[in-house]
Amino acid sequence: NQLAVAPERTVAEMKRQMGSAEGIPLGDRSYTATELSSFVLMSLKEDAERYLGGPVTEAVITVPAYFTDAQRQATREAGVLAGLKVERILTVPTAAAVAYGLTHLDQEAHVLVYDLGGGTFDVSVLEMYSGVLEVRASSGNARLGGADFDALVVQWLLEQIQRAHGLDL
């Protein structure tokens, strides 16, 4: 909603610029995705501290499965800028699989976990056996996410309206 009302004061889908020096305009300044991510993490840190009633100093941060080493390092730097000791960087589907596996440690199974986010589509395959959860594969697509699906649906609807009513919206 904010993007439609105040696009000059709103950032969307900055994950795609993580690890680059590309400037992202916000208001009258330009920031890197790392800097903007640190603002988000700082806000989350403050929310957690209010909820827990004490300081939060450490974090495990999740990233898309396709993130490169440079993007992971930029994410780690964002955590440090936010005042956090980043204990670990996990892919989103792996983190979801770990959360699932913690309650199913007695099972032996192969687990497929996918994450269709706003800007990414990620998947991990895990194997659970004897109380162990092992990531067998993890991958993703940085240019295929919910926003991309939304754009395709809108394009399809526009074509249907054009075809049915002769209107070029």
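Look up a bit, the structure's there.
Below or above, wherever it landed, is the structure these notes cover. (Residues numbered from 1 in each chain as written. Predicted model: local features only at pLDDT ≥ 70, side-chain atom pairs only at ≥ 80, totals over all residues. Heavy atoms only, no water.)

What follows covers the packing of helix H2 (residues 33-52) against helix H3 (residues 69-81). With their axes 8 Å apart at the nearest point, H2 and H3 run at an angle of 50° to one another. Classified by the angle their axes make, H2 and H3 are oblique. The two elements H2 and H3 meet at a crossing, and its hand is right-handed. From H2, Thr34, Ser37, Ser38, Leu41 and Met42 reach across to H3, where they touch Ala74, Glu77, Ala78, Gly79 and Leu81. (Axes fitted to C-alpha atoms, helices over the stretch in contact; angles between N-to-C directions. Helix = DSSP H or I, 4+ residues; strand = E, 2+ residues; numbered from the N terminus. Parallel < 35°, antiparallel > 145°, perpendicular 65-115°, else oblique. Left-handed = near helix turned anticlockwise from the far one by under 90°. Contact = heavy atoms within 4.5 Å.)

To continue, consider helix H4 (residues 92-102). When H4 is considered as a whole, its buried residues turn out to be Pro93, Thr94, Ala95, Ala97 and Gly101. Looking at the buried residues of H4, the elements they touch are strand E3 (58-63), strand E4 (85-91), strand E5 (109-116), strand E6 (121-129) and strand E7 (132-141). (Buried < 20%, exposed > 50% of the residue type's maximum accessible area, 1.4 Å probe, protein only.)

Attention now goes to H3. The terminal C-alpha atoms of H3, which comprises 13 residues, lie 18 Å apart, in line with the 18 Å expected from a rise of 1.5 Å per residue. Listed in full, the buried residues belonging to H3 are Gln71, Ala74, Thr75, Ala78 and Gly79. For H3, the angular spread of buried residues about the axis comes to 145°, placing them on one side. Residues Asp69 and Val80 are exposed on H3 and point more than 90 degrees away from its buried face. (Expected span 1.5 Å × (residues − 1). Arc of directions from axis to C-beta.)

Inspection of the secondary structure puts Thr10 in the loop between helix H1 (2-5) and strand E1 (24-26). A polar atom in the side chain of Thr10 sits 2.7 Å from the backbone oxygen of Ala6. (Polar contact = N/O pair within 3.5 Å; in protein donor to acceptor, adjacent residues only side chain to side chain.)

Judged by side-chain polarity, Tyr114, Leu116, Phe121 and Phe149 come together as a nonpolar surface patch covering roughly 400 Å² of accessible area. Its place among the elements puts Phe149 in helix H5 (residues 146-165). Judged by its relative accessible area of 39%, Phe149 falls in the partly exposed class. (Patch = residues over 30% accessible without salt bridge, like charges linked within 9 Å, V, L, I, M, F, W, Y side chains within 5 Å. Areas by Shrake-Rupley, 256 points an atom, 1.4 Å probe, with all protein chains shown as cover. Salt bridge = Lys/Arg side-chain N within 4 Å of Asp/Glu carboxyl O.)

Attention now moves to the pattern of salt bridges. Scanning all chains against the criterion turns up 6 salt bridges. Across the salt bridge formed by Glu49 and Lys45, the nearest N and O atoms sit 2.7 Å from each other. Of this pair, Glu49 and Lys45 both sit in helix H2, 4 residues apart, which is roughly one turn of that helix. Among the salt bridges present, the one from Arg136 reaches Glu134, with a minimum N-O distance of 2.8 Å. A relative accessible area of 28% means that Glu134 is categorised as partly exposed. Residues participating in the shared-partner salt-bridge network are Glu127, Glu134 and Arg136.

Here we have 3 strands laid out as an open sheet, ordered E5-E6-E7, and antiparallel in their pairing. Each end of this open sheet is capped by a strand with a single partner; those strands are E5 and E7. Recorded for the sheet is a direction-independent mean angle of 15° between the axes of neighbouring strands. With 8 bridges connecting them, E5 and E6 associate as antiparallel partners. From the neighbouring strand, His110 faces E6, where its bridge partner is Glu127. Lying over the sheet, H4 contacts E5, E6 and E7, oriented at roughly 35° with respect to E6. (Pairing = 2+ DSSP bridges.)

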